[in-house]
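Given next are the chains, with one letter for each unit.
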Amino acid sequence: MQNPPEATGARTSRGRWKLIAVLLVCAAPVIASYLTYYVIRPEGRTNYGELIEPMPAITGLAVGTAAGAPSDLGAVGGKWTMVVIEPGDCAKVCQDRLYAIRQVRLTTGKERERVERLLLLTSPAVPAPEVLAGHEGLHLRRAAPAAVAGVFPAPGGAASDHIYVVDPLGNVMMRFPADADPSRMKKDLAKLLRASRIG
């Protein structure tokens, strides 16, 4: 006994919809990837700190000792250097940043000899001896505020709001946000040390 034409037509229609559904399921990942790449445009950024482009060179910055005598960057040259910029006498925020960069350096383990720390003063004020006592190996230099602003970019703010990373060639290459998370800073620094054969 033959099926009525209506039943055959309904079965054919159901079969088409099933085929379309299967095709859509198979095509969904491809469509999603195109949408992601061409519409959403992922940046692929995995670093916490903001990369600075173009990278200013710290090597041309005129610096002096804390007492104001002419000096140079000393042992900072040729190393990865975390820089804190301080316009005052290093009160709480400055002390927190010094503590953060000290701890981040320590967590790099055997690589810590490749990392230096620099406190760059931009005013006549000097941090109290008890503040500096807990930061053995910290390099202390003084520079003019305008010169520092020219080397350490801080769009929409002040250089003293950030912690910077200088590469072994003397390029200011990364800036961490105000109130930076030390654990995320550590990951960025570890990646830089792994990827670099210099410093």
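Details of the structure are given in the entry above.
Here is what the cut-offs are and how they apply
Residues numbered from 1 in each chain as written. Predicted model: local features only at pLDDT ≥ 70, side-chain atom pairs only at ≥ 80, totals over all residues. Heavy atoms only, no water. Disulfide = S-S within 2.5 Å. Core = buried A, V, L, I, M, F, W, Y, C linked by side-chain atoms within 4.5 Å. Buried < 20%, exposed > 50% of the residue type's maximum accessible area, 1.4 Å probe, protein only. Helix = DSSP H or I, 4+ residues; strand = E, 2+ residues; numbered from the N terminus. Contact = heavy atoms within 4.5 Å. Phe/Tyr/Trp six-rings, centres within 6.5 Å; stacked < 30°, edge-to-face > 60°. Salt bridge = Lys/Arg side-chain N within 4 Å of Asp/Glu carboxyl O. Patch = residues over 30% accessible without salt bridge, like charges linked within 9 Å, V, L, I, M, F, W, Y side chains within 5 Å. Areas by Shrake-Rupley, 256 points an atom, 1.4 Å probe, with all protein chains shown as cover. Lys, Arg positive; Asp, Glu negative; His and termini not counted. Polar contact = N/O pair within 3.5 Å; in protein donor to acceptor, adjacent residues only side chain to side chain.

**Student:** Tell me about the state of the cysteines, and name the residues and values.
**Tutor:** Inspection of the entire model under this criterion finds one disulfide. One disulfide bridge connects Cys 90 with Cys 94, the sulfur atoms lying 2.0 Å from each other. Measuring handedness by torsion sign, the sulfur bridge of Cys 90 and Cys 94 sits at about -85 degrees and is left-handed.

**Student:** Account for the nonpolar core, naming residues and giving values.
**Tutor:** Ranked by size, the top nonpolar core spans 25 residues in total, and within it Met 82, Leu 98, Ile 101, Leu 119, Val 165, Phe 176 and Met 185 carry the most contacts. Elements supplying a minimum of two residues to this core: strand E4 (80–86), helix H2 (92–106), strand E5 (115–121), strand E7 (163–166), strand E8 (172–176) and helix H5 (182–195). If sequence neighbours within four positions are ignored, Phe 176 has contacts with Tyr 48, Gly 49, His 162, Ile 163, Val 165, Met 185 and Asp 188. Core analysis: the next-biggest nonpolar cluster, separate from the first, contains 19 residues, Ile 58, Val 83, Tyr 164 and Val 166 among them.

**Student:** Could you give an account of the packing of aromatic side chains, with specific residues and numbers?
**Tutor:** According to the stated counting rule, one finds two aromatic pairs in the structure shown. Here Phe 152 and Tyr 164 contribute two aromatic rings whose centre-to-centre distance is 5.0 Å and whose plane-to-plane angle is 70 degrees, an arrangement assigned as edge-to-face. Of this pair, Phe 152 sits in the loop between helix H4 (145–151) and E7 while Tyr 164 sits in strand E7, placing them 12 residues apart in sequence. Tyr 164 carries the same exposure label as Phe 152, and that label is buried.

**Student:** Residue-level account of unusual backbone geometry, with values.
**Tutor:** Of the consecutive residues Glu 53 and Pro 54, the connecting peptide bond is found in the cis state with omega at -10 degrees. Examined against the element boundaries, Pro 54 turns out to sit in the loop between strand E1 (50–51) and strand E2 (63–64). The backbone of Cys 90 sits at a positive phi, close to 65 degrees, despite the residue not being glycine. Tracing the backbone through its elements, the reader meets Cys 90 in the loop between E4 and H2. Its identity as a non-glycine residue notwithstanding, Asp 179 has a phi of 55 degrees, on the positive side. You can call Asp 179 exposed: its relative accessible area is 71%.

**Student:** Report on the pattern of salt bridges, specifying residues and quantitative values.
**Tutor:** Scanning the entire structure with this criterion turns up four salt bridges. Between Arg 175 and Glu 50 there is a salt bridge, with the nearest N and O atoms lying 2.9 Å from each other. With Arg 175 in strand E8 and Glu 50 in strand E1, the pair connects residues that are 125 residues apart, well separated along the chain. We classify Arg 175 as buried; its relative accessible area is 6%.

**Student:** Tell me about a nonpolar patch on the surface, and name the residues and values.
**Tutor:** Together, Trp 17, Ile 20 and Leu 24 give the surface a local cluster of nonpolar side chains, amounting to about 350 Å² of exposed area. As for its placement among the helices and strands, Trp 17 is situated in helix H1 (residues 5–40).

**Student:** Tell me what's going on with the side chain of Asp 188, and back it up with residues and numbers.
**Tutor:** On the secondary structure map, Asp 188 appears in helix H5. Buried Asp 188, no salt bridge; nearest opposite-charge side chain is Lys 191, N-O distance 4.2 Å. Looking at Asp 188, its side chain comes within polar contact range of the main-chain nitrogen of Tyr 48, at 2.9 Å. If we ignore the near neighbours within four places in the chain, the residues touching Asp 188 are Asn 47, Tyr 48, Gly 49, Met 174 and Phe 176.

No statement about biological role is implied by the geometric values presented.
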